[in-house]
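Fold and geometry: a report
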Amino acid sequence: MVLLSHRVAVAWETRTSRRDALIGGALALCSVPSAALARPEGVNKPELLPKGEKVNVIQMAEQRFLTSGQESALNKQLAKLQEQTGVKLRVLCQAYPNTPGLAIKDYWKVDDKTVVLIADKGLKGTSNILNFNVGDGLADVLPTPFWTRLQGRFGTSRYWRDKGEDVAITNAVEAITCTVPA
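Report follows, based on the coordinates.

Here is what the cut-offs are and how they apply
- Residues numbered from 1 in each chain as written.
- Predicted model: local features only at pLDDT ≥ 70, side-chain atom pairs only at ≥ 80, totals over all residues.
- Heavy atoms only, no water.
- Helix = DSSP H or I, 4+ residues; strand = E, 2+ residues; numbered from the N terminus.
- Polar contact = N/O pair within 3.5 Å; in protein donor to acceptor, adjacent residues only side chain to side chain.
- Contact = heavy atoms within 4.5 Å.
- Axes fitted to C-alpha atoms, helices over the stretch in contact; angles between N-to-C directions.
- Parallel < 35°, antiparallel > 145°, perpendicular 65-115°, else oblique.
- Left-handed = near helix turned anticlockwise from the far one by under 90°.

Take the environment of Trp160 next. Its place among the elements puts Trp160 in helix α5 (residues 157–163). Reaching out from Trp160, the side chain makes a polar contact with the backbone oxygen of Gly155 at a distance of 3.4 Å.

Once that is clear, we can look at the side chain of Thr99. Relative to the helices and strands, Thr99 resides in the loop between β2 (88–93) and α3 (103–108). Only 3.1 Å separates the side chain of Thr99 from the backbone nitrogen of Gly101, close enough to count as a polar contact. Residues contacting Thr99, with those up to four places away along its chain left out, are Val43, Lys45, Leu48, Leu92 and Gln94.

With that settled, consider the packing of helix α4 (residues 144–155) against helix α6 (residues 165–179). One can describe the packing of α4 onto α6 by two numbers: an axis separation of 10 Å at closest approach and a directional angle of 150°. Classified by the interaxial angle, the pair formed by α4 and α6 is roughly antiparallel. Like other packed secondary-structure pairs, α4 and α6 cross with a definite hand, here right-handed. Seen from α4, the contacting residues are Phe146, Trp147, Leu150 and Phe154; seen from α6, they are Ala168, Asn171, Ala172, Ala175, Ile176 and Thr179.

All right, on to the environment of Glu71 then. Its location among the elements puts Glu71 in helix α2 (residues 68–85). It is 8.6 Å that separates the C-alpha atoms of Glu71 and Gln59, two residues lying 12 residues apart in sequence. Residues in contact with Glu71, not counting those within four places in the same chain, are Val57, Gln59, Arg64 and Leu66. A polar contact is formed between the side chain of Glu71 and the side chain of Gln59, at a distance of 2.8 Å.

Have a look at this one:
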């Protein structure tokens, strides 16, 4: 048995304890996801989709950012855009987790030439209201910086609080419509 001086024993014990704590902490981070790192769960609720004729704009009952007149005008504008360019632009106004989620892929037949604009204030109501899911076939026509600028211009909480959620959405749709080549 080796006898260590008190000082050496304390130093050895401290190093060992610190190392064990670091390893234990790293294992804990790897095995148990923290709330801050966790992603929202995927949602797939086809029952929340509108019945009947397919529409280009869906507003969840609790999250109606657009008036019925604005919704109707946007539906017509988006149908015309698709007819003229082949690009499908769709708008989903939601309040997560009350959303059809993944079910919109089948409903709208999302493909490489589809853009889904998702308007959602987030749980605290302070986030960027605009999010975009852009088909791979549009990367050359409308590259990533375009979407980032669009979010930064019309989607910020300051913008939609000053101008209104409806204006943020309609201005973003107008910017996309004007940018897509015929």
